[in-house]
Every structure is written in structure tokens, then in C-alpha cells.
Amino acid sequence: MERCSQVLNGAVHRLFAERPDVVLIGEDLLDPYGGAFKVSAGLSTKWPDRVLTTPISEAAIVGVAGGMALRGLRPIVEIMFGDFTALACDQIVNHLSKFRAIYNGQVSCPVVIRTPMGGRRGYGPTHSQSLEKLFLGIPGLTVVAPSRHHELGEMLRRAVLETEDPVLFIENKLMYGQPHEPPRTGRIAEFAVRTMEGRYPTLTLSLNDFASPDLTLVTYGGMLPVAMEGALTLAMEHELFAEIVAPSQLSPLPAGELLAALGRSRRLVVAEEGTLTAGWGAEVVACLMERADFHFASARVAAKDGIIPTSRALEDAVLPQPKDIVAAAVKLLSTPRP
């Protein structure tokens, strides 16, 4: 079974072989290094004229990629750590995402910005954050965050070739070394799985073959394995069944899919690795509250509002764990159903 980093690397190689307008730009991409997490390995050897290694300037990298896209290329940007997307925020928010509307649809800007987010590797406060919430709700920008259980290669291909606007493609860094395990014959280990159709699919996982769930657990990216562990504990130790809903598209939010799932339980737990305040989970709850024609109870699980320590023990205390999901679910389910 291939690791997720190998799947992504193979996908980029196939894109380069298929389309001469696909280029790669970022820091330390040239072989033998091949990028910090080796997703770009081998590309500069095969296509030396289409891999551009740059100085340390995320704003310049993304700005140049925007110019390439306006001139007809399909650039893939690799930002070494997602923490540094803040340095490219102006280019993403005020330029790439605006070009199509500013010029009345006469231009397109198909830039895919790949970047790793997340902790659990002991990298410390400035290399472990989940900052995707900074880019949610930006008109013209799609934010995607697949898990190791999504079809990573196909999703990256769609982002590069099937869109005409910028995509922030977030890869949880812990999954690079994990096996790529999309559903086979409708299952992942103990879970039955349904995959929604669409460019960036949503996965729904159930431990009781989609019988009526006790609660709906919404999560994404690197938190999906954490949520699965929490759901197993809920089933084995508390006889409570959570239906897990894992969208790969964070923004715009696939509200219809989430609302349909929530209608089956009317109890919602949202889990994310980013900090709690003003997080993606808050937007999910607010969005569903506005759209639902029924009452529901909700709870959020996220990182504590503080920096992420380098010490692994302290990092674990800051970041959300399966036990946090279990505690939130048990507390929520101790109240009467709305």
C-alpha cells in the first residue's frame, strides 16, 4: 500500500506527463531534495525547465504563479509549511481570487497552492498550525483538505485541470507517512463508507451500516483518523453510534450534504485541528443553524487557543484527541434530543 506522499508524487508526475502547461514553483524543489516532504521528488530530473525553485519569499512565489496562470499555464505552488501561507495572504486574497471578477470573466487564474498543515510531529509553534480558517469564505477561492481516505491523486488532478480559479489544497502533514487507504468495496476497516459525487467528494462513515445514528460527527483532513478512533470508543464503551461526515471541500461549504446527514441524528459534533475560536466548526454550526428546519444540539472540538508546544506531551495536550471527541459526544448525548 502506497504512502500518501507517494500517491501525491505520482499524481504530479502524471500531470506533468499529460499536460505541458503544468508547471511547479516553490522552495527547495530540485532533486535530490525534491521538496520538504518529497512530494516533488523526481520532477526536476524529468522536466528541468518546468520546475522552478525559488528564494524564500512566499508572496513572490504565489505572485509569479498568478502571472503564469494569467498567461495560460497551470501552475502548482508548493508552500513548504502551511504556516507560511500567511506570507502569501495578500497575493491569494487580493489578487488570485479576484482576477476573474475584476476583469469581468475575461481571464482565469487556475493556480493550485499545495501546502502541509497540522501538528503531531513535534515541529513547534510556527511549523505545526492549522491555519486554513484564515482563508475560508474568500470569494473566488476554493479551500480543499482531503484525508488519507480520500482519492488524493484524483482530487489533485481535478484541482489542477478542472478549475479556472485558485485552489488552496491542504495536506495534513501527518498523513504523508501514512498509508493511502480510500474505501474499497464500500468499506474502510470496521466502517461502511459512502462517497458523495463531486469534484471534491464527501465521505460518510458508519459503524452500524447506516442505521439511525445517535449523533453526526463532522470533521476533515488529518482529524478523520482521530474521529474514527473516537467513534470506535463511543460504540465499544458507550454503545453510541456516530455517523462521521468528512467533506474534502471546506470552502465553499457543502452545506446540503452536511444538513442531510444532520437530519438523521439532530445532534452535531464538529472536530477540527485548528484553534477553537472563530474556527471552521463555528461556521459549520452557524451555516446549518440558518438552513435547518429542525432544532439540533451541537458541540465543537478543536485545539486549545494557544501556541503548539514542541514537547510532544504538551503538544498532545493542546491538540484534540479521540478522548476529547468522546467526552463532547457523551455530554451532548446526555441531554434530551431536540
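Once a new chain begins, its residue numbering starts again from 1 and follows that chain's sequence as written. Local features in this predicted model are restricted to residues whose pLDDT is 70 or higher, and side-chain atom pairs enter the listing and the counts only when it is 80 or higher, whereas totals over whole chains, interfaces and linings include all residues. Hydrogens and water are ignored here; the side-chain numbers use all heavy atoms of the structure.

A. Structural context of the overall build of the protein. Regarding its fold elements, the protein presents eleven helices and 14 strands. Against the 2.2 N^0.38 benchmark of 20 Å for 338 residues, the protein shows a C-alpha radius of gyration of 20 Å, consistent with a compact globule. Residues classed as buried in the protein amount to 57% of the 338 residues present. Long-range pairs, those at least 24 residues apart, make up 78% of the contacts in the protein between residues at least 6 apart in sequence. For every accessible area listed, the method is Shrake-Rupley and the probe measures 1.4 Å; residues are considered covered only by the protein chains on display. As displayed, the protein offers around 13900 Å² of accessible surface, 55% of which is attributable to carbon and sulfur atoms. When charges are counted, neither His nor the chain ends are considered; positive counts come from Lys and Arg and negative counts from Asp and Glu. Charged side chains are reduced to one point each, which is NZ for Lys, CZ for Arg, CG for Asp and CD for Glu. Taken together, the 32 basic and 37 acidic charged side chains of the protein have centroids lying 2 Å from each other. To qualify as a helix, a DSSP run of H or I must reach at least 4 residues; to qualify as a strand, a run of E must reach at least 2; elements of each kind are numbered from the N terminus. Here the radius of gyration uses the C-alpha set of atoms, whereas the globule reference equals 2.2 Å times the residue count to the power 0.38. Three exposure classes are used, based on accessible area relative to the maximum for each residue type with a 1.4 Å probe and protein chains only: buried under 20%, partly exposed in between, and exposed over 50%. Contacts are assigned to residue pairs that have any heavy atoms within 4.5 Å of one another.

B. Main features of the sheet that holds strand β10 (residues 215–218). Strands are labelled as partners when DSSP assigns at least two bridges between them. Overall, mixed pairing links the seven strands, which are arranged β7-β8-β9-β11-β10-β13-β14 in an open sheet. Because the sheet does not close on itself, it has two edges, and the strands there are β7 (187–188) and β14 (297–303). Here strand β13 (residues 267–275) pairs with β14 via six bridges, running parallel. Of the residues in β14, the one forming a bridge with Leu-268 is Ser-298. Axes, fitted as lines to C-alpha atoms, cover a helix only where it is in contact. Angles between the N-to-C directions of the axes lie from 0 to 180 degrees. Running over the sheet, helix α7 (residues 223–238) touches β7, β8 (191–195), β9 (202–206), β10, β11 (242–247) and β13 and is turned about 175° from β11. Helix α11 (residues 322–333) rests against β10, β13 and β14 of the sheet, and its axis sits at about 165° to β14.

C. Examining the pairing of β8 more closely. Pairing geometry for β7 and β8, over two bridges, is antiparallel. Looking at the pairing, Arg-187 lines up with Ala-192 of β8. Linking β7 back to β8 in an antiparallel pair, the connection comprises two residues, with Ala-189 at a positive phi of about 55°. Here four bridges tie β8 to β9, and the two strands are oriented antiparallel to one another. By the bridge assignment, Val-193 is partnered in β9 with Leu-205. Hairpin connection of β8 to β9: six residues between the antiparallel strands, including Gly-198 at a positive phi of 140°.

D. The arrangement of unusual backbone geometry in detail. With omega at 10°, the peptide bond leading from Asp-31 into Pro-32 counts as cis. In this structure, Pro-32 sits in the loop between β1 (22–26) and α2 (43–46). A cis amide bond links Ser-251 to the next residue, Pro-252, at an omega of -5°. Summarising the element assignment, Pro-252 is placed in the loop between β12 (249–251) and α8 (255–262). If you check the backbone angles, Lys-38 has positive phi at about 65° while not being a glycine. Tracing the backbone shows Lys-38 in the loop between β1 and α2. Of note in this structure, Glu-239 is not a glycine but carries a positive phi near 55°. Topologically, Glu-239 is positioned in the loop between α7 and β11.

E. Here's a closer look at the packing of aromatic side chains. Side-chain rings of Phe, Tyr and Trp (the six-membered ring for Trp) are treated as a pair once their centres are within 6.5 Å; stacked means planes under 30 degrees apart, edge-to-face means over 60, and tilted covers the remaining angles. Within this structure, the stated rule accounts for eight aromatic pairs. Relative to Phe-81, the ring of Phe-37 has its centre 5.6 Å away and its plane inclined at 70°; by these criteria the two rings are edge-to-face. Placement of the pair is Phe-37 in the loop between β1 and α2 and Phe-81 in the loop between β3 (74–78) and α4 (89–96), with a sequence separation of 44 residues. Residue Phe-37 shares its accessibility class with Phe-81, and that shared class is buried. In this structure an aromatic cluster arises from ring pairing among Phe-37, Phe-81, Phe-84, Tyr-123 and Tyr-176. When the ring centre of Tyr-33 is taken as origin, the NZ or CZ atom of Lys-38, which lies over that ring, is 3.8 Å away. When the NZ atom of lysine or the CZ atom of arginine is within 6 Å of a ring's centre and also within 35 degrees of its normal, the charge is said to sit over that ring. The side chain of Arg-194 reaches across the aromatic face of Phe-210, ending 3.9 Å from its centre.

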